Amino acid sequence: MNPRIDALPTSADVAAAARRLTGVIVRTPLLYCAALSELTGAKVFVKPETLQRTGSFKFRGAYNRLVQIPLADRPAGVVASSSGNHAQGVAAAARLLGIPAIIAMPDDAPALKRERTEAFGAAVVGFDRRTQHGEDIAGALAAERGATLVPPYDDTEVIAGQGTVGLEILDDLSELGLVPQVVAAAAGGGGLVAGIALAAQSRAPGLRVVACEPEGFDDHARSFRSGVRERNVSLVGSFCDALLAPHPGAMTFEITRTLVGEAAVADDAEVSRAVTFAFRELKLVVEPGGAVPLACLLEGRIPIAPGSVVVVVLSGGNVDTETFIRCLTA
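My aim in this report is to walk through the structure given alongside it, one point at a time.

A few words now on unusual backbone geometry. Peptide bonds are mostly trans, and most non-glycine residues show a negative phi. Positive phi outside glycine occurs at Thr-54, with the angle close to 70°. On the accessibility criterion, Thr-54 (7% relative accessible area) is buried. One non-glycine residue, Lys-283, lies in positive phi territory at about 60°. Relative to the elements of secondary structure, Lys-283 occurs in the loop between α11 (268–282) and α12 (288–298).

Below, the structure is given as structure tokens:
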């Protein structure tokens with residue numbers, strides 16, 4: 001089911017989401033990084049959404065969507081499709097609100113993400129992402145049960161919730177007397193970069209939001225060049241499992257093609273080095289998908305003017321022990 005493109009979120013929706021999320025989410029810090037600043041000649045900050053509830057920014061959008069479900073509709077539950085971070089966000093928000101949750105999750109999703117989703121009380125239905133589409137499975141489950149479908153990115157309230165990351169960045173930099181020139185964030189379906197761009201639309205109109213993607217899954221980069229949504233050839237082939245969407249979202253692309261329009265790409269080896277850099281230099285555990293923007297910055301894929309104020313969003317930290325060790329020892 002395609003979302004209504006005439007019902008796009010606005011910066012006012014992001015502000016409303018921030019009010020709903022106050023006292024529920026972790027207001028993650030904005031950290032100045034001397035090591036990155038020295039390497040790039042810019043003033044570089046990191047936004048560690050690894051410290052967010054459920055270990056990723058996804059909790060923001062999930063809670064903002066679920067808390068607005070009418071009380072009469074909540075007993076029927078919610079359904080979502082996700083490889084893990086949206087799954088955990090929905091499951092945790094559902095538990096807080098007393099709503100049953102079912103998640104369609106690919107069989108190759110990291111075991112940690114499945115275990116944590118089930119630990120939050122959600123029922124998990126597995127599928128093979130090479131031959132089945134999670135969105136179709138979730139849609140069928142929702143229709144069968146009369147449940148509310150919670151898309152991972154193509155939803156007004158989900159995008160607005162993710163946009164609160166951008167509001168916090170702007171607020172924290174403002175307290176330092178700074179305005180960001182660049183914000184680099186990961187892009188799978190595009191909800192995070194779309195939300196950040198909306199948050200900055202009026203307050204920092206010159207801001208460059210860069211959609212960062214793993215090599216082989218550069219659908220945003222190709223879509224920005226062609227002007228239409230491009231599909232990835234495969235849905236497997238990178239260990240950045242959080243970013244393996246088939247194509248940019250219909251709703252998110254309507255926002256990002258005008259407010260973002262810039263992308264950068266890093267391969268798995270470069271992402272692995274970024275995971276290691278985050279651990280050794282920032283003392284943060286970052287999953288591969290969450291480290292893609294850092295990799296793009298470290299590899300010089302994002303043009304940066306000397307002295308620019310740059311923010312790197314580390315969007316998630318839900319990484320299996322085996323994968324993390326493999327990165328550190330590569």
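This part covers the pattern of salt bridges. Under the defined criterion, the tally for this structure stands at 18 salt bridges. Between Lys-113 and Asp-241 there is a salt bridge, with the nearest N and O atoms lying 2.8 Å from each other. Here the residue Lys-113 occupies a position in helix α5 (residues 111–119), and Asp-241 occupies one in the loop between α9 (219–226) and α10 (250–259), the gap between them amounting to 128 residues. Salt-bridge contacts for Arg-145 lead to Glu-144; the nearest nitrogen and oxygen are separated by 3.1 Å. The exposed category is assigned to Glu-144, whose relative accessible area is 61%. Each of Lys-47, Glu-49, Arg-60 and Glu-168 takes part in salt bridges that share partners, so that together they form one network.

Attention shifts here to the sheet that holds strand β9 (residues 262–266). The mixed open sheet is built from 6 strands, whose spatial order is β1-β2-β10-β7-β8-β9. The two strands at the open ends of the sheet, each matched to only one other strand, are β1 (31–32) and β9. Pairing of strand β7 (residues 182–186) with strand β10 (residues 309–314) involves 3 bridges; the strand directions are parallel. Bridge pairing in β10 places Val-182 opposite Val-310. On the sheet, α12 packs against β2 (43–48), β7, β8 (208–214), β9 and β10 and is oriented at approximately 155° with respect to β10.

Each pair of aromatic rings is reported with the distance of its centres and the angle of its planes. Throughout the structure, instances matching the rule amount to 4 aromatic pairs. Each ring, one from Tyr-32 and one from Phe-45, has its centre 5.5 Å from the other, and the planes form 70°; the classification is edge-to-face. Of the two residues, Tyr-32 is situated in strand β1 and Phe-45 in strand β2; the sequence distance between them amounts to 13 residues. Relative to Phe-324, the ring of Phe-279 has its centre 5.3 Å away and its plane inclined at 90°; by these criteria the two rings are edge-to-face. Separated by 45 residues along the polypeptide, Phe-279 in helix α11 and Phe-324 in helix α13 (residues 321–328) bring together distant segments of the chain. Its relative accessible area of 12% is what places Phe-324 among the buried residues.

The rules we used
Residues numbered from 1 in each chain as written. Predicted model: local features only at pLDDT ≥ 70, side-chain atom pairs only at ≥ 80, totals over all residues. Heavy atoms only, no water. Buried < 20%, exposed > 50% of the residue type's maximum accessible area, 1.4 Å probe, protein only. Helix = DSSP H or I, 4+ residues; strand = E, 2+ residues; numbered from the N terminus. Salt bridge = Lys/Arg side-chain N within 4 Å of Asp/Glu carboxyl O. Pairing = 2+ DSSP bridges. Contact = heavy atoms within 4.5 Å. Axes fitted to C-alpha atoms, helices over the stretch in contact; angles between N-to-C directions. Phe/Tyr/Trp six-rings, centres within 6.5 Å; stacked < 30°, edge-to-face > 60°.

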